Amino acid sequence: MRPLQSFSGLLALVGLIAHGGAAQAWVRSRTNGCHPVYWSQSCIYLQPDGELTKDLPADQVQRIIQRSIAQWQDRIGGSFLRLIYVPPDGPREARFDRQPTIKFRTGRWCRPGDCQGDRESCYDASAAAITTVFFVNKPDNEQEDGLILDADIELNSVHNQFYDADQLPPRGDGRTLTDLENTLVHELGHLMGLEHTCRSAGDGMPDCTVDHLGQRPPLCSTVLAGMDRDPRLREIAETTMFATAQPRETKKRTPEADDVAAIVAIYPAARDPRSCERPRPRDQCGGGGCALAPHGRTAAAAPLLLLGAILLCMRQRRWSGRTC
Amino acid sequence: MTLRVRFVLACTLLAQVLLKSPSLEASVLLPLSTAQLVARAERIVVGTVVGQESHWVDGGSAIVTDVRIRVTRAVLGAQEGEIITVRRLGGTVGEIGMRVFGEASFRDGEEVLLFAERRGGAYYSVGMTQGTLHITQQGGRRMAQMALGGAEIVGRSGVAPVVRPLEEVLDEVRRALAARRPEPAQGRSEQTR
Ligand SMILES: [Zn+2]
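All values derive from a computational prediction rather than experimental measurement.

*Asks:* I'd like to hear about the overall build of chain B, residue by residue, with values.
*Replies:* Helix and strand content of chain B: 3 helices and 12 strands. Relative to its full complement of 193 residues, chain B shows a buried share of 58%. Residue pairs at least 24 apart in sequence account for 61% of intrachain contacts in chain B once pairs closer than 6 positions are excluded. When the accessible area of chain B is evaluated, it comes to approximately 7700 Å², of which 51% is carbon and sulfur surface.

As C-alpha cells, then:
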C-alpha cells in the first residue's frame with residue numbers, strides 16, 4: 001500500500017493541533033506527476049565511501065555522520081523509518097545503484113565520467129553538498145510514482161573545509177569553513193524525501209508542490225523579510241529544511257518540530273512495512289546473470305523493485321567491465 | 001531462446017520501464033554577488049529559451065539537460081542572434097528524471113539574463129540558480145528576478161528579494177566587467193538596443 005497520502009494529512013492535522021497551531025510547513029518532494037516521493041521499506045542503510053574528507057580525522061568524520069543520523073533518529077520515535085549507518089569498507093560511488101552513499105569529493109568536485117567517452121560532470125564550486133534521490137516516475141500510476149529507489153549525498157570537500165563547530169575553527173586554508181553536521185542533517189532530510197519549507201522562483205519545484213496543509217510553500221524571500229516580526233515565519237525559517245543558511249551555521253543540526261512531524265507523518269510507526277534488507281554489494285551481479293534478491297518493499301511496489309534490481313544489475317555488469 | 005538473449009530482452013524491457021524515474025538533488029550554496037558572477041562568467045547574455053533536451057551522461061549515472069538560448073543581447077562571449085547552449089544538472093529521460101535543488105531551471109520561451117561558465121565540456125549557469133536571472137515585465141519595465149532556487153544561500157545578503165530593473169542589473173554587470181577587464185575583448189562588448 002502506498003504510504004500515507006490521507007493518513008499523513010490526518011497525522012499532520014493532529015500534529016498541528018498538538019503544537020497549538022504553530023506554523024508547521026513541512027513539504028514533501030514531489031514527482032512531476034505530483035505524487036510525493038517515499039521510501040517503501042522500514043530502513044535506509046547509509047554507507048560512506050572509503051575515502052573521507054581529509055579535513056578531519058576519519059574516526060571523527062564517522063562520528064559526525066553517525067551524530068547527524070542520530071539527530072533525526074532520536075527524534076522520530078513515532079516513525080518506522082530507520083537510518084542505519086554502515087561503516088565504510090571500500091570504494092563507493094554516488095550513482096544509481098540502490099546503495100545510498102555518502103561521498104566526499106576531495107580531488108575534484110565532479111562526478112566521474114566513464115570510459116566510453118563521457119566526460120566527468122563537474123558541479124558548481126559554490127555548492128557545498130548535493131543530494132540525489134532517484135525515484136520511479138510514473139505519473140499515471142499512483143502506486144509506484146514517487147517510490148524512492150536510491151539516494152546519495154555528495155559533499156564538496158574541494159571548496160569547503162569541513163569542520164566540527166563544537167571545536168575551535170581550524171586554521172583557514174582559503175576554502176569555506178562549513179560545519180559538517182549542519183550540512184549533513186539537512187541533506188538527510190532530503191534523502192528521506194523532504195522538500196525545502198520555502199520556495200524560490202525558478203527552483204524547479206513542481207508547481208503542484210504544497211505543504212502538508214495544502215498550501216503553496218511561502219517564498220524564501222518572504223520568510224526572510226518577515227521573520228523578525230512574524231513568529232510564524234520565524235518558525236518556518238528555523239526548520240532544518242529551510243532553504244537558506246548562515247555562514248558557519250549550526251542550527252540545522254537539530255531537526256525542529258516541523259521537520260520531525262514530517263517524518264512521523266510520512267512514515268508512521270503504525271504503518272511499518274516491516275521490511276529492511278541491506279542492499280547487496282554490486283559484485284553479486286557478475287557471472288552469467290543477475291543474482292537478484294528483492295529488497296524491502298511493499299507488495300504493490302515489489303514487481304517494480306525487482307525489475308529495477310535487474311536493470312541495476314545490467315548496469316553494474318557494464319561498469320564492472322570497465323578497464324579505464 | 002537462450003538465457004543470454006532472455007537476459008538482454010529482460011534488461012531492455014526494464015530499461016524502457018525504469019529508465020524514466022526522476023531524482024532529486026539538493027544543494028548548499030554560497031552566495032555570489034553580481035561582481036562574483038561576472039568574475040566567473042565566460043558568457044553573459046540576455047536571451048530567450050528556444051529548446052531543451054535531456055540525456056544521460058557519465059555512464060548512465062546522471063542526467064543533464066542542454067538548454068538552447070537565442071541571444072538577444074550579448075554582453076560577453078557571444079553574438080546577438082547566436083544560439084548558445086547551457087547545461088543544467090537534472091532533467092528527465094523517459095521515466096527517469098533527476099532534479100538538482102539549487103540548479104538553474106528554464107522554461108521554453110522565457111527570457112533570461114544568463115551568466116555562464118565552462119566546466120568540463122559544457123557551459124553551466126554560474127553559481128547554479130544564481131547565475132540565471134528570470135526576466136519579467138512589471139508595470140511596463142523589464143525586471144530581472146534572481147532565482148535563489150532550492151539552494152542554501154549562505155549569508156543574509158544573498159537572500160533578500162532580488163527583483164530589479166534589468167537595465168539596472170546590466171549597468172552593474174558592465175561596471176563589474178570594467179573592473180575585471182578594462183578593455184573588453186573585441187566582438188564581446190554589449191550591443192545596446
Ligand atoms: Zn536543501
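And the narrative resumes.
*Asks:* Which residues make up the overall build of chain A, and what values go with them?
*Replies:* For chain A, the count of helices and strands is 7 helices and 12 strands. Residues counted as buried form 58% of the 324 residues belonging to chain A. The long-range fraction of contacts in chain A, counting pairs at least 24 apart against all pairs at least 6 apart in sequence, stands at 68%. Summing over all exposed atoms, chain A offers an accessible surface of approximately 12300 Å²; the carbon and sulfur share of this is 52%.

*Asks:* How would you summarise the nonpolar core if you had to cite specific residues and measurements?
*Replies:* Counting residues in hydrophobic clusters, the biggest one holds 64 residues, and the most contacted among them are Trp72, Phe104, Leu155 and Leu180 of chain A. With sequence-adjacent residues up to four places away left out, Phe104 of chain A is seen in contact with Glu51, Leu52, Thr53, Val61, Ile65, Leu155, Phe162 and Leu180 of chain A. By size, the runner-up hydrophobic cluster in this structure holds 20 residues, among which are Val75, Ile135, Val169 and Ala176 of chain B.

*Asks:* Just give me the short version of the packing of helix H2 (residues 58-73) of chain A against helix H3 (residues 180-191) of chain A, but keep the residues and values in it.
*Replies:* Residue and element names in this part refer to chain A. Contact geometry for H2 and H3: axes closest at 9 Å, N-to-C directions at 45°. By the angle class used here, H2 and H3 are oblique. Every pair of crossing elements has a handedness; the one defined by H2 and H3 is right-handed. Across the interface between the two elements, Val61, Ile64, Ile65, Arg67, Ser68, Ile69, Gln71 and Trp72 from H2 touch Leu180, Glu181, Leu184, Val185, Leu188 and Gly189 from H3. Tallied by class, residues from the contact of H2 with H3 come to 9 nonpolar, 3 polar and 2 charged.

*Asks:* I'd love a proper account of the packing of aromatic side chains, names of residues and values included.
*Replies:* This model, assessed by the stated rule, comprises 4 aromatic pairs over all chains. With 5.5 Å between their ring centres and 80° between their planes, Phe80 of chain A and Tyr267 of chain A make a pair best called edge-to-face. Linking Phe80 of chain A in the loop between H2 and strand E3 (82-85) with Tyr267 of chain A in the loop between helix H6 (257-266) and helix H7 (302-320), this pair joins segments that are 187 residues apart in sequence. Residue Phe80 of chain A is classed as buried on the basis of its relative accessible area of 5%. The class of Tyr267 of chain A is buried, set by a relative accessible area of 0%. The ring of Tyr123 of chain B has Arg43 of chain B sitting right over it, with the charged end atom 4.3 Å from the ring centre. Directly above the aromatic system of Tyr124 of chain B lies the positively charged group of Arg119 of chain B, at a separation of 4.1 Å from the ring centroid.

*Asks:* I'd like a description of unusual backbone geometry, backed by residues and values.
*Replies:* Residues and elements named next belong to chain A. Despite not being glycine, Arg98 shows a phi value in the positive range, around 65°. Its place among the elements puts Arg98 in the loop between E3 and strand E4 (101-105). Classification of Arg98 as buried rests on a relative accessible area of 10%.

*Asks:* Describe in detail the state of the cysteines, supporting the description with residues and values.
*Replies:* In protein structure, a disulfide is the covalent linkage between the sulfur atoms of two cysteines. All names here are of chain A. Throughout the structure, instances matching the rule amount to 3 disulfides over all chains. A sulfur-sulfur distance of 1.8 Å marks the disulfide that ties Cys34 to Cys208. Linking Cys34 in the loop between strand E1 (27-28) and strand E2 (43-48) with Cys208 in the loop between strand E11 (194-195) and helix H4 (220-226), this pair joins segments that are 174 residues apart in sequence. Of the residues examined, Cys34 reaches a relative accessible area of 24% and is grouped as partly exposed. Accessibility expressed as a relative area gives 27% for Cys208, which makes it partly exposed. Between Cys110 and Cys122 runs a disulfide, and the two sulfur atoms are separated by 2.1 Å. Judged by the torsion about the S-S bond (90°), the Cys110/Cys122 disulfide is right-handed. Of this pair, Cys110 sits in strand E5 (residues 110-111) while Cys122 sits in strand E6 (residues 121-122), placing them 12 residues apart in sequence.

*Asks:* Before we move on, can you summarise the confidence of the model for chain A with the specific residues and values?
*Replies:* On average, residues of chain A score 79 in pLDDT, and 76% of them are at 70 or above. Here helix H1 (residues 6-18) of chain A stands out as the element of chain A with the lowest mean pLDDT, 43, in contrast to H2 of chain A, whose mean of 98 is the highest.

*Asks:* Can you tell me about H6 of chain A, naming the residues and giving the values?
*Replies:* Of all 10 residues in H6 of chain A, 8 are buried; the element is thus mostly enclosed. Within the sequence span of H6 of chain A, burial applies to Asp258, Asp259, Val260, Ala261, Ala262, Ile263, Ala265 and Ile266 of chain A.

*Asks:* So what's going on with the pattern of salt bridges? Residues and values would help.
*Replies:* Overall, the coordinates contain 34 salt bridges over all chains when judged by the stated rule. Note that Glu93 of chain A is salt-bridged to Arg105 of chain A, the shortest N-O span being 2.6 Å. Of this pair, Glu93 of chain A sits in the loop between E3 and E4 while Arg105 of chain A sits in strand E4; the two residues are 12 residues apart in sequence, bridging distant segments of the chain. Residue Glu93 of chain A shares its accessibility class with Arg105 of chain A, and that shared class is buried. Residues Arg174 of chain B and Asp171 of chain B are paired through a salt bridge, measuring 2.1 Å at the closest nitrogen-oxygen approach. With a gap of 3 residues between them, Arg174 of chain B and Asp171 of chain B both fall in helix H3 (residues 166-180), about one helical turn apart. For Asp171 of chain B, a relative accessible area of 32% puts it in the partly exposed group.

*Asks:* Summarise the pairing of strand E8 (residues 148-156) of chain A; cite the residues concerned and give the values.
*Replies:* All names here are of chain A. Counting buried positions along E8 gives 9 out of 9 residues, so the element sits mostly inside the fold. In this structure, E4 lies alongside E8, joined through 5 bridges in parallel fashion. Note on E8: the bridge partner recorded for Thr101 is Asp152. Here strand E7 (residues 127-135) runs beside E8; their pairing, made up of 7 bridges, is antiparallel. The partner of Ile130 across the bridge, within E8, is Glu154.

Rules and cut-offs
Residues numbered from 1 in each chain as written. Chains lettered and ligands numbered in written order. Predicted model: local features only at pLDDT ≥ 70, side-chain atom pairs only at ≥ 80, totals over all residues. Heavy atoms only, no water. Helix = DSSP H or I, 4+ residues; strand = E, 2+ residues; numbered from the N terminus. Buried < 20%, exposed > 50% of the residue type's maximum accessible area, 1.4 Å probe, protein only. Contact = heavy atoms within 4.5 Å. Areas by Shrake-Rupley, 256 points an atom, 1.4 Å probe, with all protein chains shown as cover. Core = buried A, V, L, I, M, F, W, Y, C linked by side-chain atoms within 4.5 Å. Axes fitted to C-alpha atoms, helices over the stretch in contact; angles between N-to-C directions. Parallel < 35°, antiparallel > 145°, perpendicular 65-115°, else oblique. Left-handed = near helix turned anticlockwise from the far one by under 90°. Nonpolar A, V, L, I, M, F, W, Y, C, P; charged D, E, K, R; others polar. Phe/Tyr/Trp six-rings, centres within 6.5 Å; stacked < 30°, edge-to-face > 60°. Lys NZ or Arg CZ within 6 Å of the ring centre and 35° of its normal. Disulfide = S-S within 2.5 Å. pLDDT = per-residue confidence, 0-100. Salt bridge = Lys/Arg side-chain N within 4 Å of Asp/Glu carboxyl O. Pairing = 2+ DSSP bridges.

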